[in-house]
Amino acid sequence: MLERLDDVDWARITHAYGPATDVPDQIRDLCAADPDRREKARWQLHGNIYHQGTRYEATAYAVPFLLEVLADPDGADKGELVLLLAAIAVGYDESWLPDGLPIAERRRTAEIGGMVLAAAPHPGDDEWDEDEGDAAYVEALSDREQEAMLAHVAVSAHEAVRQGLPLLRALLGHDEPGVRAVAAYTLGWFPEDADASLPALAALASDVDDALAATARVSMGLLGVTTEFDDPRPLVRWATAIAQTRVFGIEAGQEAIDELRYWVREAGRDERVPFLDGDLVGYATLVLDRMSLS
């Protein structure tokens, strides 16, 4: 496994802290027998290839190897790896809620971004500043060029994760409900693949595990399909309201709006789902605020 990891010229591509030469060993450490070593590697990768919501040139290069680790049937920490991949795919999820990820629009913004990035100085070039990196180059770009380059990096990361969607759909059948839930969560951020993902998500929308059923419903909503209030469990009702307001907006039924308002009043609830670090009250508040319904 990971035989091609050293084929990438990591010294020529960058992450949040400069040349990405530390990434190969961090990816290898994801396979370590020592759980502390694996946890440290995940923490480091969260800091360098995904730093405070930002993706970098090295991010898309790292994703195929993260998927390779995830695909190992004997591998550990699958849920944590899926969450890292989800973060890489979308950045901070609250940026795109409740509307979902406008990936087609992002692709249009990114059209010239690849050329802008290719023209940037890279480690080893005469123009590369050991202290400031490519900061001078970036500052000299127009606002449109800067936006296009950032969009290109983000879209490249999203596309890299997209290659792993068959694996993520397979993980919907994993033995651990938590792994199934984070896989379901991640599928909601790929609207271009809704036709393949929706049947698998619908099969989980009434699962006996509350968090899994709720997450499947929210992801279905992000992919444009609503569900009915056909399950009395509080967490599943919350998710149904989220899905309906996502699909219908201010035209959502009063039952959905009242359900979200109820959750906003119930700040002490402790049910958990992957979205927004499990902050159900915050999610309900965000949706209502962005639809001016709070």
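This is a predicted model, so every value here is computed, not measured.

Conventions we followed
Residues numbered from 1 in each chain as written. Predicted model: local features only at pLDDT ≥ 70, side-chain atom pairs only at ≥ 80, totals over all residues. Heavy atoms only, no water. Helix = DSSP H or I, 4+ residues; strand = E, 2+ residues; numbered from the N terminus. Rg over C-alpha atoms; globule rule 2.2 N^0.38 Å. Buried < 20%, exposed > 50% of the residue type's maximum accessible area, 1.4 Å probe, protein only. Contact = heavy atoms within 4.5 Å. Areas by Shrake-Rupley, 256 points an atom, 1.4 Å probe, with all protein chains shown as cover. Lys, Arg positive; Asp, Glu negative; His and termini not counted. Charge placed at Lys NZ, Arg CZ, Asp CG, Glu CD. Phe/Tyr/Trp six-rings, centres within 6.5 Å; stacked < 30°, edge-to-face > 60°. Patch = residues over 30% accessible without salt bridge, like charges linked within 9 Å, V, L, I, M, F, W, Y side chains within 5 Å. Salt bridge = Lys/Arg side-chain N within 4 Å of Asp/Glu carboxyl O.

Moving on, we come to the overall build of the chain. When helices and strands are counted, the chain shows 15 helices and four strands. What you see for the chain is a C-alpha radius of gyration of 20 Å, in line with the 19 Å of a compact globule of 294 residues. Burial analysis of the chain (294 residues in total) assigns 51% to the buried set. Contacts in the chain between residues at least 24 apart in sequence constitute 62% of all its contacts with a sequence separation of at least 6. In the form shown here, the chain has an accessible surface area of approximately 13700 Å², with 48% of it arising from carbon and sulfur atoms. Averaging the locations of the 25 positively and 55 negatively charged side chains of the chain gives two centres separated by 5 Å.

This model, assessed by the stated rule, comprises four aromatic pairs. Centre to centre, the rings of Y185 and W189 are 6.4 Å apart; their planes meet at 85°, and the pair counts as edge-to-face. You can call W189 buried: its relative accessible area is 0%.

On to a negative patch on the surface, then. Side chains of D34, D36, E39, E80, D175 and E176 sit close together on the surface and give a patch of like negative charge. Secondary-structure assignment places E80 in helix α4 (residues 78-90).

These values are about where atoms sit, not about what they do.
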